[in-house]
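# Overview (structure and organization)
Listed below are the residues making up each chain.
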Amino acid sequence: MQVHNFEKVWLGAALLLIVGFIATIAYGTVGAGVQMVDDSGGEIDPQAVQQSNTGTGFDDPGVVKQNDSHYVVYVVAQQFQFSPGTGDNPIRIPADTRVTFRVTSADVTHGFSIVETNINTMVIPGQVSEVTARFDNPGTYGLVCHEYCGAAHHEMGGSVEVVPQSEYTYNETEVQN
Ligand code: CUA
């Protein structure tokens, strides 16, 4: 079979495109640090989210230090605020450490998205959404609810303050037992 040179060039170009597309998909899957939220956070009774002394971490939400390089942040989302996160109660965490967010809802489905990062999950009543991240750059990051959750959905937001490790003071009273 005789293949015309011109046709060979186009066959080669088409093959290159296909390889290129596969490479971008592969990069997006493993190279860009994209992580799917799975069910590793576990389940929780949404009615019990805010009852005291349940030992879930959500009865007194906030930052819990595991060790010098790992912090866990318990956040309750409910119409129309994040606790902590909203208003004068921002989430304060140190830079350059592993931070695991455990987020659940006390009422309806919300979203939990930290602006300018790839932290983005739905928050479903009865489920704990668990996302682990590392913030290299100190600063204040916006926090938004990106799932429609009611009349004031558009006002549901907050902030995450990432503080240089040397300036971070951990409030021991927030320790859960
Ligand atoms: Cu909460 Cu939208």
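Just so you know, these numbers come straight off a predicted model, no measurement behind them.

Time to look at the side chain of Ser113. Checked against the element boundaries, Ser113 lands in strand β6 (residues 110-114). Every residue in contact with Ser113, bar those within four places of it in the chain, is listed here: Ile119, Asn120, Gly142, Leu143, Val144 and His146.

The subject of this paragraph is a nonpolar patch on the surface. Nonpolar side chains collect at one region of the surface, where Phe6, Val9 and Trp10 lie side by side and expose about 390 Å² of accessible area between them. Along the polypeptide, Phe6 turns up in helix α1 (residues 5-31).

With respect to topology, five strands assemble into an open sheet ordered β4-β10-β9-β6-β7, the strand pairing being mixed. Pairing within the sheet leaves two strands with one partner each, and these edge strands are β4 (91-94) and β7 (120-123). If you compare each strand with its neighbour and ignore which way they point, the axes differ by 20 degrees on average. Bridge count for strand β9 (residues 139-144) against strand β10 (residues 157-163) is six bridges, and the pairing is antiparallel. Counterpart to Leu143 in the pairing with β10 is Gly158.

Enumeration according to the criterion identifies eight aromatic pairs in this entry. A ring pair is formed by Phe58 and Tyr74, whose centres lie 5.2 Å apart and whose planes are at 85 degrees; its orientation type is edge-to-face. Here Phe58 is found in the loop between α1 and β1 (62-67), whereas its partner Tyr74 is found in strand β2 (residues 70-78), with 16 residues between them in sequence. Residue classification places Tyr74 among the buried positions, given a relative accessible area of 15%. Arranged with centres 5.7 Å apart and planes meeting at 80 degrees, the rings of Phe82 and Phe112 form a pair that is edge-to-face. Taken as a pair, Phe82 in strand β3 (residues 81-83) and Phe112 in strand β6 lie far apart in primary sequence, 30 residues in all. The exposure classification of Phe82 matches that of Phe112, with both residues buried.

What counts, and where the lines are drawn
- Residues numbered from 1 in each chain as written.
- Predicted model: local features only at pLDDT ≥ 70, side-chain atom pairs only at ≥ 80, totals over all residues.
- Heavy atoms only, no water.
- Helix = DSSP H or I, 4+ residues; strand = E, 2+ residues; numbered from the N terminus.
- Contact = heavy atoms within 4.5 Å.
- Patch = residues over 30% accessible without salt bridge, like charges linked within 9 Å, V, L, I, M, F, W, Y side chains within 5 Å.
- Areas by Shrake-Rupley, 256 points an atom, 1.4 Å probe, with all protein chains shown as cover.
- Salt bridge = Lys/Arg side-chain N within 4 Å of Asp/Glu carboxyl O.
- Pairing = 2+ DSSP bridges.
- Axes fitted to C-alpha atoms, helices over the stretch in contact; angles between N-to-C directions.
- Phe/Tyr/Trp six-rings, centres within 6.5 Å; stacked < 30°, edge-to-face > 60°.
- Buried < 20%, exposed > 50% of the residue type's maximum accessible area, 1.4 Å probe, protein only.

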